[in-house]
Amino acid sequence: MKFAFTEEQLMIQQTARDFARTEITDAIERDETSEFPYEIVRKLGELGFLGMIAPVEYDGAGMDTLSYVLAMEEISKADASVGVIMSVNNSLVCWALNEYGTPEQKEKYLRPLARGQHNGKLYIGAFCLSEPNAGSDATAQTTTAVRDGNSWVLNGTKNWITNGTTSELYLVFAMTDKSKGAHGISAFLVERNTPGFEILKKEKKLGIRSSDTCSLGFTDCRIPLENLLGAEGEGFKIAMKTLDGGRIGIAAQALGIAAASLERSVKYAKERRSFGKLLIDHQAIQMKLADMATELEAARMLTYEAAWRKDQHLPHSAQSAIAKLYASKIAVKAALEAVQIHGGYGYVQEYEVERYLRDAKITEIYEGTSEVQRIVIARSLLRA
Ligand code: CAA
């Protein structure tokens, strides 16, 4: 067993760190205005970070999942909103297209998604599984797709869609045969300007406010037959397998928040004095910092293992669920401790840790709640 990264992986980590330091400098302001970070995302595309794990053949960076995890941690450390924008495009949309797309679909959609632009315009994607009444219970899809001549006709509503207002391509899951349950769900590629497709309410959120989240409506929305992704009825499997990888990205996002919480806390504890000594010299603070560091390292190991397994084409469903479950839990805890260590300063915007706390919470919810991760883990134990 080797515990060393390759030179290339370390270089990607350093590139992401440098980018975060020099380019992601307005997280507080965007958190306040909920403004989408267009310019940052555009530059991420130039860097190859929007198609990190997509093949070079389709203008991706052709990197491994471990490199992606290292980059995601660094980007999310600076701003978890930017992290999720990057994660959804990479692991939920590019990956699914590369795995299940036809050469024509890859040429038309994966290429611009991996580059992050098309004809000089930002080009990113969204993953549309959740519905008003189908969140954790993802097979309860009520959005329908009916074949009619040369088209599929989509009707329904999708909820909580990351990159929802800014995407050019939407990977949409819909029921094609309700009688078949999970096996009656299919996946479709919907372009932004398709008639009958509508961007509905943009959500106001507790955290990751600079990423856009919205509802989408489909009313007799006609898309060509060739925009079916994978086989008819294969949609639920596509969604689950894609989320197996996506959850590694969210675990890495959580690592970034936990790492930022620890780094800020150590810095503050080295500056702030109380009862005649620095905070860092108080054993009560040292205990907190030591626990934060230990849990962060443990979460990193779990996330690296899940990424490594994915890269080796080994089963990684349970490992990615374990990584996300644990990394999200310790991110919330680390952010909460960071607020506590900062005291009154932790409760105000300027010191950023209150944002970390608000941002961390979503990692326990999206791409499967912690309860869903436990279902996935427990089922793997039952199968063993
Ligand atoms: N890989 C391949 N196939 C899989 C699979 C996987 N990881 N997981 C399930 N399947 C297959 C099963 O084998 C089964 O097939 P068979 O009938 O042939 O045996 C079929 O799919 C149905 O599976 P289940 O019976 O396990 O389905 P379930 O209804 O019990 O649901 C669940 C399981 C794990 C709870 C699932 O519904 C789930 O993951 N829910 C959460 C959904 C989710 O993560 N949503 C997040 C939205 S996306 C998002 O948040 C993105 C964003 O914007 C950031």
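Above this note sits the structure.
Remember, predicted model here, so these are calculated numbers, not experimental data.

Chemist: I tried to follow helix H8 (residues 283-311) on my own but got confused; where do I start?
Modeler: An α-helical segment advances 3.6 residues per turn. Residues three or four places apart therefore align on the same side. Between its first and last C-alpha atoms H8 spans 42 Å; for 29 residues at 1.5 Å apiece the expected length is 42 Å, and the two agree. After H8 finishes, the residue His313 shows a positive phi value of roughly 60°.

Chemist: What should I look at first to understand the packing of helix H4 (residues 65-78) against H8 in this one?
Modeler: The geometry of a pair of packed helices is captured by two quantities: the angle between their axes and the separation between those axes. Where H4 meets H8, the closest approach of the two axes is 8 Å, and the angle between their N-to-C directions is 145°. Residues Thr65, Leu66, Val69, Leu70 and Glu73 of H4 form the contact with H8, whose participating residues are Arg300, Thr303, Tyr304, Ala307, Lys310 and Asp311.

Chemist: Would you mind going over the nonpolar core with me for this structure?
Modeler: Nonpolar side chains in soluble globular proteins tend to be buried together. Counting residues in each nonpolar core, the largest one holds 96 residues, and the members touching the most others are Phe49, Ile75, Phe173 and Leu229. Among the elements that take part in this core, helix H7 (residues 235-271) stands out by supplying 17 residues, more than any other. Counting 18 residues, the second-largest nonpolar core is a separate cluster that includes Ala145, Leu154, Phe188 and Leu228.

Chemist: Teacher, can you tell me more about the state of the cysteines here?
Modeler: Between two cysteines, a covalent bond joining their sulfur atoms is known as a disulfide. Counted by the stated rule, this structure contains zero disulfides. Take Cys128: it sits in no disulfide, and the sulfur closest to it among the cysteines is that of Cys214, at 8.2 Å. Here Cys221 is not cross-linked by a disulfide; its sulfur's nearest cysteine counterpart is in Cys128, at 11 Å.

Chemist: Would you take a moment to explain unusual backbone geometry for this structure?
Modeler: Residues other than glycine predominantly adopt negative phi, and peptide bonds predominantly adopt the trans conformation. Its identity is not glycine, yet Asn163 carries a phi of approximately 65°, on the positive side. Following the sequence through the fold, Asn163 ends up in the loop between strand E5 (151-162) and strand E6 (169-175). The backbone of Phe275 sits at a positive phi, close to 50°, despite the residue not being glycine. Structurally, the position occupied by Phe275 is in the loop between strand E11 (273-274) and strand E12 (277-278).

Chemist: What should I look at first to understand the site of the ligand in this one?
Modeler: Neighbouring residues of the ligand: 25 residues in total, closest Ser136, Thr162, His183, Asp244 and Arg379. Take Arg247: an N or O atom from its side chain is 2.9 Å from an oxygen atom of the ligand. One of the backbone nitrogen or oxygen atoms of Glu367 is found 2.9 Å away from an oxygen atom of the ligand. Calculation on the ligand without its partners gives an accessible area of 1,100 Å², and the protein chains cover 71% of this total. Of all the secondary structure elements, the ones that give two or more residues to the shell around the ligand are helix H5 (80-100), H7 and helix H11 (370-383). In terms of residue count, the dominant contributor to the shell around the ligand is H7 (seven residues). Class assignment of the residues belonging to the shell around the ligand gives a composition of eleven nonpolar, eight polar and six charged.

Procedures and definitions
- Residues numbered from 1 in each chain as written.
- Predicted model: local features only at pLDDT ≥ 70, side-chain atom pairs only at ≥ 80, totals over all residues.
- Heavy atoms only, no water.
- Helix = DSSP H or I, 4+ residues; strand = E, 2+ residues; numbered from the N terminus.
- Expected span 1.5 Å × (residues − 1).
- Axes fitted to C-alpha atoms, helices over the stretch in contact; angles between N-to-C directions.
- Contact = heavy atoms within 4.5 Å.
- Core = buried A, V, L, I, M, F, W, Y, C linked by side-chain atoms within 4.5 Å.
- Buried < 20%, exposed > 50% of the residue type's maximum accessible area, 1.4 Å probe, protein only.
- Disulfide = S-S within 2.5 Å.
- Near = heavy atom within 4 Å.
- Polar contact = N/O pair within 3.5 Å; in protein donor to acceptor, adjacent residues only side chain to side chain.
- Areas by Shrake-Rupley, 256 points an atom, 1.4 Å probe, with all protein chains shown as cover.
- Nonpolar A, V, L, I, M, F, W, Y, C, P; charged D, E, K, R; others polar.

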